[in-house]
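Architecture and fold: a report
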Amino acid sequence: MHAEIHGHRGARGLRPENTLPGFAHALELGVDALELDVALTADRRLVLTHDLTVSPITSADVRPAFHDDPLFPYVGRPVRELTLAQLHTLEVGVRLPRHENDRFAPTQVPVPNTRMPTLGAVLGLVDAYGAHGVRMHVELKSDPTRPELSADPRELTERVIAELDRHRRLDRAAILSFDWRILEIARSLAPATRRYALIERATMDSAWLNGLRLDDFDGDIPAAAAAAGGTTISPEHVLVDAEFARRAEKADLPMVVWTVNEPGRAAELLDLGAAGLVTDYPDRIRALWAERGMPTPEPITPMRHTGK
């Protein structure tokens, strides 16, 4: 059996999420794909962030971008209202311990003085590692129920595809979104690039599903995803049971499940036919693969250059 390991936001359980050190660590552990989140800044730059407002858990204010900046402090403000220069002042390498329910603080190694990267910087890092076989899975952060926080979905998709194309990555990438409008746009702009239809209980609504109603598909989520232009169904793991897996197979969609951190649950999902697992702990999932005699992705070390 073959199934893939996808590093969630790099390796969120081990290193700061959506950061260059996090992606570097995931590459050095060995993953089939790096999953990351992008949003659009006020000056139309693609920046890595899971949240449409600057998170107080993953980000901390250090200084304003310029004297008497009226938008400072930046934590808590919408990303789309801030420029890249403003976002680059944030500390994003230290997970703040004051949040009692943060389950990643005990396992995540902090990397102080880390800044929020652009998509281009991440693609440059992967190129520098020579990680040509590792795919880039770019989740476009868009919330159709909060348009005041979200970029125009067409502009966001166009910019992401253009950046992937600039780095010659379109054939080794995937476009991911809970906002299924983006799947339709991506299908028209880059039909050969994989499209992951993300789904969780909170997004089982026509507003998220590009106007589709699950009732019209007798509750069959994979069938709806295929109709929306998805080439892979990517559900939260709590949605997946034998019936869900059967429907995914009937729709001819691979099933890549998120976010799976416990080996016991990972084993159950493998037995249900998952084509891949998205995980905060690639090390744990690699260990399960090894126990089952499954091939694991090769660890990648940085290219070393010697000078004269």
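Here, every reference points to the structure presented above.
These lines cover the structure that appears in this document, whether it is placed above or below. Keep in mind it's a predicted model, so treat the numbers as computed, not measured. (Residues numbered from 1 in each chain as written. Predicted model: local features only at pLDDT ≥ 70, side-chain atom pairs only at ≥ 80, totals over all residues. Heavy atoms only, no water.)

**Some thoughts on the overall build of the protein**
Each helix and strand in the protein was counted, giving 9 helices and 9 strands. Relative to a compact globule of 308 residues, whose C-alpha radius of gyration would be 19 Å, the protein shows 19 Å and is just as compact. With the C-alpha coordinates of the protein rotated into their principal frame, the extents come out at 60 × 50 × 45 Å. Within the protein, the fraction of its 308 residues that count as buried is 54%. The contacts in the protein between residues at least 6 apart in sequence include a share of 64% that link residues at least 24 apart. Averaging the positions of the 36 positive and the 45 negative side-chain charges in the protein gives two centres separated by 4 Å. (Helix = DSSP H or I, 4+ residues; strand = E, 2+ residues; numbered from the N terminus. Rg over C-alpha atoms; globule rule 2.2 N^0.38 Å. Buried < 20%, exposed > 50% of the residue type's maximum accessible area, 1.4 Å probe, protein only. Contact = heavy atoms within 4.5 Å. Lys, Arg positive; Asp, Glu negative; His and termini not counted. Charge placed at Lys NZ, Arg CZ, Asp CG, Glu CD.)

**Overview of the packing of helix H1 (residues 20-29) against helix H3 (residues 119-129)**
One can describe the packing of H1 onto H3 by two numbers: an axis separation of 10 Å at closest approach and a directional angle of 30 degrees. Note on packing geometry: the crossing formed by H1 with H3 is right-handed. The segment H1 lies against H3, with Leu20, Phe23, Ala24, Leu27 and Glu28 engaging Ala121, Val122, Leu125, Val126 and Tyr129. Taken together, the residues of the contact of H1 with H3 sort by class into 9 nonpolar, no polar and 1 charged. (Axes fitted to C-alpha atoms, helices over the stretch in contact; angles between N-to-C directions. Left-handed = near helix turned anticlockwise from the far one by under 90°. Nonpolar A, V, L, I, M, F, W, Y, C, P; charged D, E, K, R; others polar.)

**Notes on helix H4 (residues 153-166)**
An ideal rise of 1.5 Å per residue puts 20 Å on 14 residues; H4 measures up with 20 Å between its terminal C-alpha atoms. For H4, the complete set of buried residues consists of Pro153, Glu155, Leu156, Thr157, Val160, Ile161, Glu163 and Leu164. Residues of H4 that are buried sit in contact with strand S2 (33-40), strand S3 (46-48), H3, strand S4 (135-140), strand S5 (173-177) and helix H5 (181-189). N-cap assignment for H4: the residue whose side-chain oxygen lies 3.2 Å from the backbone N of arginine 154 is aspartate 152. Taken from the residues just after H4, arginine 168 is the one with a positive phi, measuring 55 degrees. (Expected span 1.5 Å × (residues − 1). Polar contact = N/O pair within 3.5 Å; in protein donor to acceptor, adjacent residues only side chain to side chain.)

**Observations concerning the packing of H3 against H4**
In the contact formed by H3 and H4, the axes pass within 10 Å of each other and the chain directions differ by 25 degrees. Taken as axis vectors, H3 and H4 run roughly parallel relative to one another. Here H3 and H4 pass one another in a crossing that is right-handed. Where H3 approaches H4, its residues Leu119, Gly120 and Leu123 are matched on the opposing element by Val160, Glu163 and Leu164. Class assignment for the residues of the contact of H3 with H4 results in 4 nonpolar, 1 polar and 1 charged. (Parallel < 35°, antiparallel > 145°, perpendicular 65-115°, else oblique.)

**Re the packing of aromatic side chains**
For any two aromatic rings, the description comes down to two numbers: the centre-to-centre distance and the angle of the planes. Counted by the stated rule, this structure contains 3 aromatic pairs. Each ring, one from phenylalanine 104 and one from tyrosine 281, has its centre 6.5 Å from the other, and the planes form 35 degrees; the classification is tilted. Taken as a pair, phenylalanine 104 in the loop between helix H2 (84-87) and H3 and tyrosine 281 in the loop between strand S9 (276-279) and helix H9 (282-291) lie far apart in primary sequence, 177 residues in all. Of the two residues examined, phenylalanine 104 and tyrosine 281, each falls in the buried class. Centre to centre, the rings of phenylalanine 178 and tryptophan 258 are 5.6 Å apart; their planes meet at 85 degrees, and the pair counts as edge-to-face. (Phe/Tyr/Trp six-rings, centres within 6.5 Å; stacked < 30°, edge-to-face > 60°.)

**Notes on H5**
Because an α-helix completes one turn every 3.6 residues, residues spaced three or four positions apart along the sequence face the same direction. Of all the positions in H5, only Ile182, Leu183, Ile185 and Ala186 are classed as buried. Projection of H5 onto a plane perpendicular to its axis shows the buried side chains occupying an angular sector of 165 degrees, all on one side. Its buried side turned inward, H5 meets S4, H4, S5 and strand S6 (194-199). (Arc of directions from axis to C-beta.)

**Points about the nonpolar core**
In terms of nonpolar packing, the biggest core is built from 80 residues, with Val160 and Ile233 touching the most fellow members. Here this core gets 6 residues from one element, more than from any other, and that element is H3. Excluding residues within four positions of it along the chain, valine 160 makes contact with Val38, Leu46, Leu119, Val138, Leu140 and Ile175. Within the second largest apolar cluster, 13 residues are counted, among which are Tyr74, Leu82, Leu87 and Leu90. (Core = buried A, V, L, I, M, F, W, Y, C linked by side-chain atoms within 4.5 Å.)

**Some details on the pattern of salt bridges**
Close approach of charged atoms allows side chains with opposite charge to pair. Summed over all chains, the structure comprises 21 salt bridges. Of the charged contacts, one joins arginine 9 and glutamate 17 as a salt bridge, the two residues approaching to 2.8 Å between their closest N and O atoms. Classification of arginine 9 by relative accessible area gives buried; the value is 8%. In this structure glutamate 17 comes out as buried when scored by relative accessible area, which is 9%. (Salt bridge = Lys/Arg side-chain N within 4 Å of Asp/Glu carboxyl O.)

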